[in-house]
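Survey of secondary and tertiary structure
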Amino acid sequence: MARKIGILLAIVIVVASFLYAAHAQTGEKKWKKTITLPDGEVILDISGEWDVFVENYGPWKDSGSYPQLVKIAQEGSSFTGTRMMDDPWNQKGTTSIRGDLNKGGFKNVYVVGPLGSTNCNGQISEDGNKIVLDDGHKLRVTYTRK
C-alpha cells in the first residue's frame, strides 16, 4: 500500500513539474495593464507617467545620476516618452525614450539624449510597473510607473 502511494506521489510530482515547465516556457506575463493589438497579440500598456532615475556609469560616470519624470504615449506597439522636467543634460519636452513592444516585452528600445539615441536592453518587471534599461556600457535608466 505504501509503495502504491509512493508511486502515485512520484507521478503527481512529475506531472506537476512538466506543467510548471510548460507554463514557464510560454513566457506568460502577469502585467496589470495590457492592450490587445488588431492581430490579437497582447502586449504591455506602458502609456502614462513614470518616475525615472538615470544612472551614468563607465565613461559617462562624470555625468552623474539624477531623477526625471517622463510621460509615455503608446500607439499600438510603438511608444515615445517625453521629459516632463529639465534635467542636467536635457530640456523638458524633449524625447526621452522610444521603441516597440511585443508579447515578450521590448522588441527594441532606445534612450534618447542630447548626443542621439542609445540602443538598450530592457527588462520589465512581472507586473509591468518597473522597467530597467541598460546599454551595458555607460547608461542605466529605471522607470517606475506612477
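Please read these numbers as outputs of a predicted model, since none were measured by experiment.

Section: the overall build of the chain
From N to C terminus, the chain includes one helix and 11 strands. What you see in the chain, going N to C, is helices and strands ordered as α-β-β-β-β-β-β-β-β-β-β-β. Residue pairs at least 24 apart in sequence account for 41% of intrachain contacts in the chain once pairs closer than 6 positions are excluded. Of the roughly 9200 Å² that the chain leaves accessible, carbon and sulfur atoms contribute 56%.

Side note on the side chain of K138
Structurally, the position occupied by K138 is in the loop between β10 (130-134) and β11 (139-145). K138 has contacts with E55, N56, Y57, P59, W60 and T118, leaving out every residue within four places of it along the chain.

Brief notes about the pairing of strand β7 (residues 105-113)
Here strand β6 (residues 95-102) pairs with β7 via six bridges, running antiparallel. Across the sheet, the residue bridging to R98 is Y110, located in β7. What sits between the antiparallel neighbours β6 and β7 is a turn of two residues. Bridge count between β7 and strand β8 (residues 116-119): four bridges; the pairing is antiparallel. In the sheet register, Y110 faces β8, and the bridge partner there is N119. Connecting β7 to the antiparallel partner β8 that follows it, the hairpin turn spans two residues.

A closer look at the confidence of the model for the chain
Averaged over all residues, the pLDDT of the chain is 88; the fraction at 70 or higher stands at 81%. In the model, residues 21-26 has pLDDT below 50 throughout and makes one contact with residues more than four positions away in sequence or in other chains.

A short note on the nonpolar core
Among the nonpolar cores identified, the biggest contains 24 residues, and L133 and Y143 are the most heavily contacted of them. Breaking this core down by element, the ones donating at least two residues are β2 (42-44), β3 (48-56), β4 (65-75), β6, β7, β10 and β11. Setting aside residues no more than four positions away along its own chain, Y143 makes contact with W50, D51, V52, V70, I72, S96, I97, N129, K130, I131 and L133.

Considerations on the sheet that holds β11
Strands sit in the order β8-β7-β6-β5-β4-β3-β11-β10-β9 across an open sheet of nine strands; the sheet is antiparallel. One side of each edge strand has no neighbouring strand; the edge strands of this open sheet are β8 and β9 (121-124). Neighbour-to-neighbour, the strand axes of the sheet open up by a mean angle of 25 degrees, direction not taken into account. Relative to β4, β3 runs antiparallel, the two being bridged by eight bridges. In the sheet register, W50 faces β4, and the bridge partner there is V70.

What counts, and where the lines are drawn
- Residues numbered from 1 in each chain as written.
- Predicted model: local features only at pLDDT ≥ 70, side-chain atom pairs only at ≥ 80, totals over all residues.
- Heavy atoms only, no water.
- Helix = DSSP H or I, 4+ residues; strand = E, 2+ residues; numbered from the N terminus.
- Contact = heavy atoms within 4.5 Å.
- Areas by Shrake-Rupley, 256 points an atom, 1.4 Å probe, with all protein chains shown as cover.
- Pairing = 2+ DSSP bridges.
- pLDDT = per-residue confidence, 0-100.
- Core = buried A, V, L, I, M, F, W, Y, C linked by side-chain atoms within 4.5 Å.
- Buried < 20%, exposed > 50% of the residue type's maximum accessible area, 1.4 Å probe, protein only.
- Axes fitted to C-alpha atoms, helices over the stretch in contact; angles between N-to-C directions.

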